[in-house]
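Structural features, examined
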Number of protein chains: 2
Amino acid sequence: MEKQNPNNKIDFYIISDSIGETASKLAKAAIAQFPTVTTVLHKFMFISNKESADEILKEATKRNGILLLTLVNNELAEYIENYCVQHKLTYFNIMKPVLNEITKRTSKGPSKIVGAQHDLSEEYFERVSAMEFCMRYDDGKDPNGLIEADIVLLGISRTSKTPLSMYLGNMGYKVANLPLIPENTIPKVLFEIDPKKIVGLTTSDTVVNLHRENRMKEYGLPSGTKYASMERVNEELKFSSELYQKLGCLVVNTAERSIEESASIIVQSLGLTNKAW
Amino acid sequence: MEKQNPNNKIDFYIISDSIGETASKLAKAAIAQFPTVTTVLHKFMFISNKESADEILKEATKRNGILLLTLVNNELAEYIENYCVQHKLTYFNIMKPVLNEITKRTSKGPSKIVGAQHDLSEEYFERVSAMEFCMRYDDGKDPNGLIEADIVLLGISRTSKTPLSMYLGNMGYKVANLPLIPENTIPKVLFEIDPKKIVGLTTSDTVVNLHRENRMKEYGLPSGTKYASMERVNEELKFSSELYQKLGCLVVNTAERSIEESASIIVQSLGLTNKAW
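What you see is a predicted model; the values in this text were computed from it and never measured.

Here's the deal with helix H7 (residues 161–171) of chain B
Residues and elements named next belong to chain B. Among the 11 residues in H7, 11 count as buried, and that is most of the element. Looking at H7, one finds that the buried residues are Lys-161, Thr-162, Pro-163, Leu-164, Ser-165, Met-166, Tyr-167, Leu-168, Gly-169, Asn-170 and Met-171. In the segment just after H7, Gly-172 is the residue with positive phi, at about 110°.

Structure, rendered in structure tokens:
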């Protein structure tokens, strides 16, 4: 069988009988280690029979792809593995080694329930209600949120309050965030709640400035007021760091950090059970 | 070395020099296949030197744990692997096989940049702004969101509009959602936008009813109005399905589906490039 440009571009074929999240994460992490290599991710979800597998396998063979399998259906997995061996296709059955190890230790077999980690358990409903909580209490909409929240995020504009709330909400935490503006009164309740659940977000003045200049451009306003704006940014940052000291709360710098990283640091530092682990 | 109850409980040790997302996903998916096995996940992030690794390894040995490694630092990975071999600890270096395969094909080595997939790229800023968009246009707050959105979600109460918006926002899509209430006027703009980006959410009457009864309980109200409420739910579901037909939009049933599954189906069905793959 003729194989196309094996060295110029790498085609990954993710085949899953669920949504292929695990394999996607793995592929993305691996690919990120090769910034100069061109890669294409082909993802095939809900694959449950040989007929649909065959089509993918034919295409993968033509492109000499790398197959990443997350299948709980053993028969289908074996069928694909056999095809790969016969056609000299590279494949990785990602969960198999760990599943085998658990089986060995417990002498129990896997349940083979497709997408088992997406079970509609009580935990799941809790997570949905956490997400709704985060929407309701974004941007200081209601100071009552501060009392009920698992995590309270504080920060001046452009310190990633909203994306962090969403990400943590997705993990199952009830997050309320409060924008800090020197001219506004701080709600009294902030000094009454447990400071151990408060996180003061900070960042560098240049990052805030960059964000704000971009905003000015979006709004079609001149960027000439740069100096004044740098002064203003520093005034706001100073105001927020003084408040954080007064509260005695955790401070996290979001400059140069991704949402995932900042969220992980927050969950670990606050000593919370990481619900989405 | 004495090993504690190897068969009653399995301790997983995730060791990562980044935030350990890939290993967590893998561990959770594997564990979900063994609902009757008791497992504990220990996650150690930002591990970059032998000293911090040693502490974890000592604990893992005591509990006869299973180690899941995602380390781009080869020297540290080898150090841990050697320790595991010597102490007969089970370990899986999760990314290694895929990294090796890419290296073999391209004769390039991995960049060894820790947390490379969390790069603060342009794509990343786009994602943050998508998340902010979703917060802004949740719950029909502003019909202008329908025009700018990548995805418009419609649905009666309790069809998972908000969690789906958050999850898709996290993936990088700008989502606006609009609650459907038979008594309310549908914004005219809904009939002017591309129906190919509209998703009508539906669910089963029993799911909605269950959710609403739980709500009643939360509010301390009696649940006796069950029949009337079932009638009401069916009236709302009928109203929404008639609207979906008129719009000619995609219809997704969220009953018995997790947020991840519904989101994947939406992205695939709308033919969108899956940004978070």
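What about the sheet that holds strand S5 (residues 151–155) of chain A?
All names here are of chain A. Spatial ordering of the open sheet is given by S6-S5-S7-S8, a layout of four strands whose pairing is parallel. Two strands bound the open sheet, and with one partner strand each, they are strand S6 (175–179) and strand S8 (250–253). Within this sheet the neighbouring strands show an average axis-to-axis angle of 25°, counted without direction. Relative to S6, S5 runs parallel, the two being bridged by five bridges. For Val-152, the partnering residue across the bridge sits in S6 and is Ala-176.

Observations concerning the interface of chain A and chain B
It is common to give the size of an interface as the accessible area lost on bringing the parts into contact. Listed per partner, the contact involves 84 residues of chain A and 82 residues of chain B. Buried surface at the junction of chain A and chain B, summed over both partners, amounts to about 7,700 Å²; 67% is from carbon and sulfur atoms. Our enumeration of links across chain A and chain B arrives at six salt bridges. Ionic pairing is found between B:Arg158 and A:Glu132, a salt bridge with its closest N-O pair at 3.2 Å. Our enumeration of links across chain A and chain B arrives at 19 residue pairs in polar contact (both at pLDDT 80 or more).

Observations concerning the pattern of salt bridges
Residues and elements named next belong to chain A. All chains considered together, the criterion is met by 30 salt bridges over all chains. The salt bridge involving Arg-105 is made with Glu-101; its shortest N-O contact spans 2.8 Å. Placement of the pair is Arg-105 and Glu-101 together in helix H4 (residues 96–106), with a separation of four residues, close to one helical turn. Overall, Glu-101 belongs to the buried group, its relative accessible area being 9%.

Things to note about the UniProt feature "binding site: ADP" (unreviewed entry) in chain A
All names here are of chain A. If you check UniProt for "binding site: ADP" (unreviewed entry), the listed places come out as Gly-155, Ile-156, Ser-157, Arg-158, Thr-159, Ser-160, Lys-161 and Thr-162 in our numbering. Of the annotated set named above, Ile-156, Ser-157, Arg-158, Thr-159, Ser-160, Lys-161 and Thr-162 line the second largest pocket. When you line up the elements, Ser-157 lands in the loop between S5 and helix H7 (161–171). When its relative accessible area of 28% is taken as the criterion, Ser-157 is described as partly exposed. Setting aside chain neighbours within four positions, we find Ser-157 in contact with Val-208, Arg-212 and Arg-215. By secondary structure assignment, the location of Thr-159 is in the loop between S5 and H7. The residues contacting Thr-159, other than those within four sequence positions of it, are Leu-201, Thr-202, Thr-203 and Thr-254. In this structure the side chain of Thr-159 is engaged in a polar contact, spanning 2.7 Å, whose partner is the backbone oxygen of Ile-156.

Focus on the nonpolar core
Judged by nonpolar contacts, the single largest core of 46 residues is most densely connected at A:Ile151, A:Leu168, A:Ile266, B:Ile151, B:Leu168 and B:Ile266. One finds A:Ala27, B:Ile10, B:Ala23 and B:Leu99 within the second-largest nonpolar core, a separate group that totals 41 residues.

Observations regarding the sheet that holds strand S1 (residues 9–16) of chain A
Residue and element names in this part refer to chain A. The strand order across the open sheet formed by four strands is S2-S1-S3-S4, and the pairing between neighbours is parallel. Both edges of this open sheet fall to strand S2 (38–44) and strand S4 (90–93), since each of them pairs with a single strand only. Looking at each pair of strands side by side, their axes are set apart by 20° on average, direction ignored. Across five bridges, S1 lies against strand S3 (residues 66–70) in parallel orientation. Bridging from a neighbouring strand, Tyr-13 pairs with Leu-67 of S3. Contacts from helix H1 (residues 21–31) reach S1, S2 and S3, with the element oriented near 180° to S2. The strands touched by helix H2 (residues 50–62) within the sheet are S1, S2 and S3, with S1 carrying the most contacts at an inclination of about 165°.

Reading the values: rules and limits
- Residue positions are given per chain, counted from 1 along the sequence in the order it is written.
- Lettering of chains starts at A and numbering of ligands starts at 1, both following the order in which they are written.
- Whole-chain, interface and lining totals are the exception, using all residues; otherwise, since this is a predicted model, local features are given only for residues with pLDDT of at least 70 and side-chain atom pairs are given and counted only at 80 or more.
- Side-chain metrics rest on all non-hydrogen atoms present in the structure, leaving aside hydrogens and water.
- When a residue's accessible area, from a 1.4 Å probe over protein chains only, is under 20% of the maximum for its type it is buried; when over 50% it is exposed; and in between it is partly exposed.
- Per the convention used, a helix needs a DSSP run of H or I reaching at least four residues, while a strand needs a run of E reaching at least two, with both numbered from the N terminus.
- Strands pair, by our definition, only if DSSP identifies at least two bridges between them.
- Helix axes are fitted to C-alpha atoms over the stretch in contact, other axes to C-alpha atoms as well, and angles between N-to-C directions run from 0 to 180 degrees.
- Here a residue-residue contact requires only that any non-hydrogen atoms of the pair lie within 4.5 Å.
- By convention, the term buried area covers the 1.4 Å-probe accessible surface removed from two parts as they join, with the contributions of both added.
- The working definition used for a salt bridge is a side-chain nitrogen of Lys or Arg within 4 Å of a carboxyl oxygen of Asp or Glu.
- Throughout this description, a polar contact denotes any pair of N or O atoms lying within 3.5 Å of each other; where both atoms belong to protein, one of them has to be capable of donating a hydrogen while the other can accept it, and for residues adjacent in sequence the pair is counted only when both atoms sit in side chains.
- UniProt positions are given in the numbering used here, feature names are shortened, and annotations may be inferred rather than shown by experiment.
- The distinction between a cavity and a pocket rests on a 1 Å grid over the protein atoms alone: a 1.4 Å probe fits inside a cavity but cannot get out, while a pocket stays open yet meets protein on both sides within 12 Å along at least five of seven lines, and a residue with an atom within 4 Å of a point counts as lining.
- Think of a nonpolar core as a cluster: buried Ala, Val, Leu, Ile, Met, Phe, Trp, Tyr and Cys residues, connected wherever their side-chain atoms sit within 4.5 Å.

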